[in-house]
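Each chain is listed here by its residues.
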Amino acid sequence: KARDGSVLIFTRTKRRTDRLSLFLGAKKYPVNRIHGGLSQGQRNHAMQQFRSSKNRILVATDIAARGLDILHIEHVINYDLPHIPEDYIHRIGRTARAGAQGEALSLLIPDDYNVWQKISKLYKIEGASIDRPEKGIQERRMRRGRRFKKLPVTTLRKLQRLERIQQKQKLQLLKREKNIILKKG
């Protein structure tokens, strides 16, 4: 079913907001983004374009869940569930301004099971029960997370510097080989 009207998509992080808006823009959808990492001018510009329907899709973190007065939102999509179950009502409430009708859609993955259970119980959402995911999926993800810990910034910088040095050395070797071949020929 095609969706008419404006669409507000909520993500959990600034990075995911940027990535999703770039993806949708590459697919030629009229999209903009708003999150706390943008300047006030950039946020105002994104809101102005969304309110004027120039961009009918706005990808946002929870910065747009409260305090913004946007009357024409017809669809709210929770790309990620909120960290705090109480924020769910603020997100989906964007569609019900001034008695307007709208739809809310939440995309769920197995990791969302516990949060979704809390949300559906807190707001008594009928027909919202989902099957508990296999334990093996969550355990594998947890083990994978322990195996690939984030490196400190200083370590990352050292690795990046080492990579740049290795690339320079490779280029120098290629130039030497090219000069040797040219001298022989």
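All of these numbers come straight from a predicted model, not from anything done at the bench.

Peer 1: What am I meant to see in helix α1 (residues 14-26) here?
Peer 2: An α-helical segment advances 3.6 residues per turn. Residues three or four places apart therefore align on the same side. An ideal rise of 1.5 Å per residue puts 18 Å on 13 residues; α1 measures up with 18 Å between its terminal C-alpha atoms. For α1, the full list of buried residues reads Thr17, Leu20, Ser21 and Leu24. Angular distribution of buried residues about the axis of α1 spans 100 degrees; they occupy a single face of the element. For α1, the exposed residues set more than 90 degrees away from the buried face come down to Arg15, Arg19, Leu22 and Ala26. On its buried face, α1 sits against β1 (6-10), β2 (31-34) and β3 (57-60). One or two steps after α1, the chain reaches lysine 28, where phi turns positive at roughly 70 degrees.

Peer 1: What's the story with the sheet that holds β1 in this structure? I'm lost.
Peer 2: Adjacent strands of a sheet form backbone hydrogen bonds with each other and so pair up, either parallel or antiparallel. An order of β2-β3-β1-β4-β5 is seen for the five strands of this open sheet, with the pairing classed as parallel. Taken across any chain shown, the strands that pair with only one partner, and hence form the sheet edges, are β2 and β5 (103-106). When strand polarity is set aside, the average angle formed by the axes of neighbouring strands in this sheet is 20 degrees. Summarising the sheet, β1 and strand β4 (residues 73-78) pair through five bridges and their orientation is parallel. By the bridge assignment for β4, phenylalanine 10 is matched with asparagine 78. Docked against the sheet, α1 engages β1, β2 and β3, running at close to 175 degrees with respect to β2. Along the sheet, helix α2 (residues 40-51) makes contact with β1, β2, β3 and β4, crossing β2 at roughly 140 degrees.

Peer 1: Help me understand the pairing of β2 in this model?
Peer 2: Moving residue by residue along a regular strand, the side chains alternate between the two faces of the sheet. Across four bridges, β2 lies against β3 in parallel orientation. What sits directly across from isoleucine 34, in β3, is alanine 60. At this point the chain moves from β2, through α2, to the parallel β3, and the crossover so formed is right-handed.

Peer 1: Explain the packing of aromatic side chains here, please?
Peer 2: Any pair of aromatic rings gets described here by the distance separating the centres and the angle formed by the planes. Applying the stated rule across the entire model yields two aromatic pairs. A ring pair is formed by tyrosine 88 and tryptophan 116, whose centres lie 5.9 Å apart and whose planes are at 80 degrees; its orientation type is edge-to-face. Note that tyrosine 88 is positioned in helix α3 (residues 87-92) and tryptophan 116 in helix α4 (residues 113-122), a separation of 28 residues in sequence. Using a relative accessible area of 7% as the deciding quantity, one classes tyrosine 88 as buried. Judged by centre distance (6.2 Å) and plane angle (35 degrees), the rings of tyrosine 88 and tyrosine 123 are tilted. Of this pair, tyrosine 88 sits in helix α3 while tyrosine 123 sits in the loop between α4 and α5 (135-147), and the two are 35 residues apart along the sequence. With relative accessibility at 27%, the residue tyrosine 123 sits in the partly exposed group.

Peer 1: Even after reading the chapter, I still don't get a positive patch on the surface, so can you show me in this structure?
Peer 2: A cluster of basic residues, Lys158, Arg161, Arg164 and Lys168, forms a positive patch at the surface. Locating arginine 161 in the fold gives a position in helix α6 (residues 153-184). Overall, arginine 161 belongs to the partly exposed group, its relative accessible area being 47%.

Peer 1: Please clarify how a nonpolar patch on the surface should be interpreted in this entry.
Peer 2: The grouping of Tyr79, Leu105 and Leu107 at the surface amounts to a nonpolar patch, some 230 Å² of accessible area in total. Mapped onto the secondary structure, tyrosine 79 falls in the loop between β4 and α3.

Parameters at a glance
- Residues numbered from 1 in each chain as written.
- Predicted model: local features only at pLDDT ≥ 70, side-chain atom pairs only at ≥ 80, totals over all residues.
- Heavy atoms only, no water.
- Helix = DSSP H or I, 4+ residues; strand = E, 2+ residues; numbered from the N terminus.
- Expected span 1.5 Å × (residues − 1).
- Buried < 20%, exposed > 50% of the residue type's maximum accessible area, 1.4 Å probe, protein only.
- Arc of directions from axis to C-beta.
- Contact = heavy atoms within 4.5 Å.
- Pairing = 2+ DSSP bridges.
- Axes fitted to C-alpha atoms, helices over the stretch in contact; angles between N-to-C directions.
- Right-handed = clockwise from strand over helix to strand, strands pointing away.
- Phe/Tyr/Trp six-rings, centres within 6.5 Å; stacked < 30°, edge-to-face > 60°.
- Patch = residues over 30% accessible without salt bridge, like charges linked within 9 Å, V, L, I, M, F, W, Y side chains within 5 Å.
- Areas by Shrake-Rupley, 256 points an atom, 1.4 Å probe, with all protein chains shown as cover.
- Salt bridge = Lys/Arg side-chain N within 4 Å of Asp/Glu carboxyl O.
- Lys, Arg positive; Asp, Glu negative; His and termini not counted.
- Charge placed at Lys NZ, Arg CZ, Asp CG, Glu CD.

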